[in-house]
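Fold and contact review
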Amino acid sequence: MQFSKGVEYALHSLLQMLNAPAGKSVGIRELASFQGISETYLSKIFTKLRKAGVVKAAPGVNGGYELARAPENITFWDVIEAVEGSSDMFQCIEIRQNTATLDKNNLPDSYTKCPCLIKTVMLDAEEQMRKHLRGKNIGWLRDEVQKKIPFEQQKAAEEWFGIKNR
């Protein structure tokens, strides 16, 4: 399983939006420039985040994006689902029903009415991952990052976004 780089871009961008002065929106150009990533690609990601209600567009000439909810109410899973979509990662196509020794026109109930054990295990694993990622949010991420990043670097990021948003 692999998430696209869009998930990483989205999570980092949402985290960086917290460096903007309160009540100020942040532009895609500023986020992309600050992180050294593609503005075009980031714009597509933010369209998905907006449609999912994670961010909202700020109107006006100097518009940009703002969080649509408090950081504590935006989970990692919200972001992943917005960027990647909501379909299950494991797609069971019931190949067990194609077994060479079975009569495909007269399959036993154990092949048609009982869930595939492989599918059951895989979907359970996905649910455990979703549960874990729903337990982590942007507010938690901010708090953890602040413990690890030197104060000077945090201050520089806040100043950078403060200057760019004037």
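Residues numbered from 1 in each chain as written. Predicted model: local features only at pLDDT ≥ 70, side-chain atom pairs only at ≥ 80, totals over all residues. Heavy atoms only, no water.

1. Comments concerning the pairing of strand β1 (residues 55-58)
- When β1 meets strand β2 (residues 64-67), the two strands line up antiparallel, connected through four bridges. Opposite Val 55, over in β2, you have Leu 67 as the bridge partner. (Pairing = 2+ DSSP bridges. Helix = DSSP H or I, 4+ residues; strand = E, 2+ residues; numbered from the N terminus.)

2. Overview of the packing of helix α1 (residues 5-17) against helix α7 (residues 138-148)
- Closest axis-to-axis distance for the α1/α7 pair is 10 Å, and the angle between their directions is 75 degrees. By the angle between their directions, the pair α1 and α7 is classed as roughly perpendicular. Where α1 approaches α7, its residues Leu 11, Leu 14 and Leu 15 are matched on the opposing element by Ile 138, Leu 141, Arg 142 and Val 145.
- Class assignment for the residues of the contact of α1 with α7 results in six nonpolar, no polar and one charged. (Axes fitted to C-alpha atoms, helices over the stretch in contact; angles between N-to-C directions. Parallel < 35°, antiparallel > 145°, perpendicular 65-115°, else oblique. Contact = heavy atoms within 4.5 Å. Nonpolar A, V, L, I, M, F, W, Y, C, P; charged D, E, K, R; others polar.)

3. Description of the pattern of salt bridges
- By the definition in use, this model includes nine salt bridges.
- Its salt-bridge partner being Glu 127, residue Arg 130 comes within 3.1 Å of it at the nearest N-O pair. Here Glu 127 and Arg 130 lie together in helix α6 (residues 117-134), a separation of three residues that amounts to about one turn.
- According to the relative accessible area criterion, Arg 130 is buried, its value standing at 13%.
- Judged by relative accessible area, Glu 127 falls into the partly exposed class, the value being 33%.
- Ionic pairing is found between Lys 147 and Glu 144, a salt bridge with its closest N-O pair at 3.0 Å. Of the two residues, Lys 147 and Glu 144 both sit in helix α7, three residues apart, roughly one turn of that helix.
- Owing to a relative accessible area of 62%, Lys 147 belongs among the exposed residues under this scheme.
- Beyond isolated ion pairs, a larger network of salt bridges with shared partners links Glu 126, Glu 127, Arg 130 and Arg 134. (Salt bridge = Lys/Arg side-chain N within 4 Å of Asp/Glu carboxyl O. Buried < 20%, exposed > 50% of the residue type's maximum accessible area, 1.4 Å probe, protein only.)

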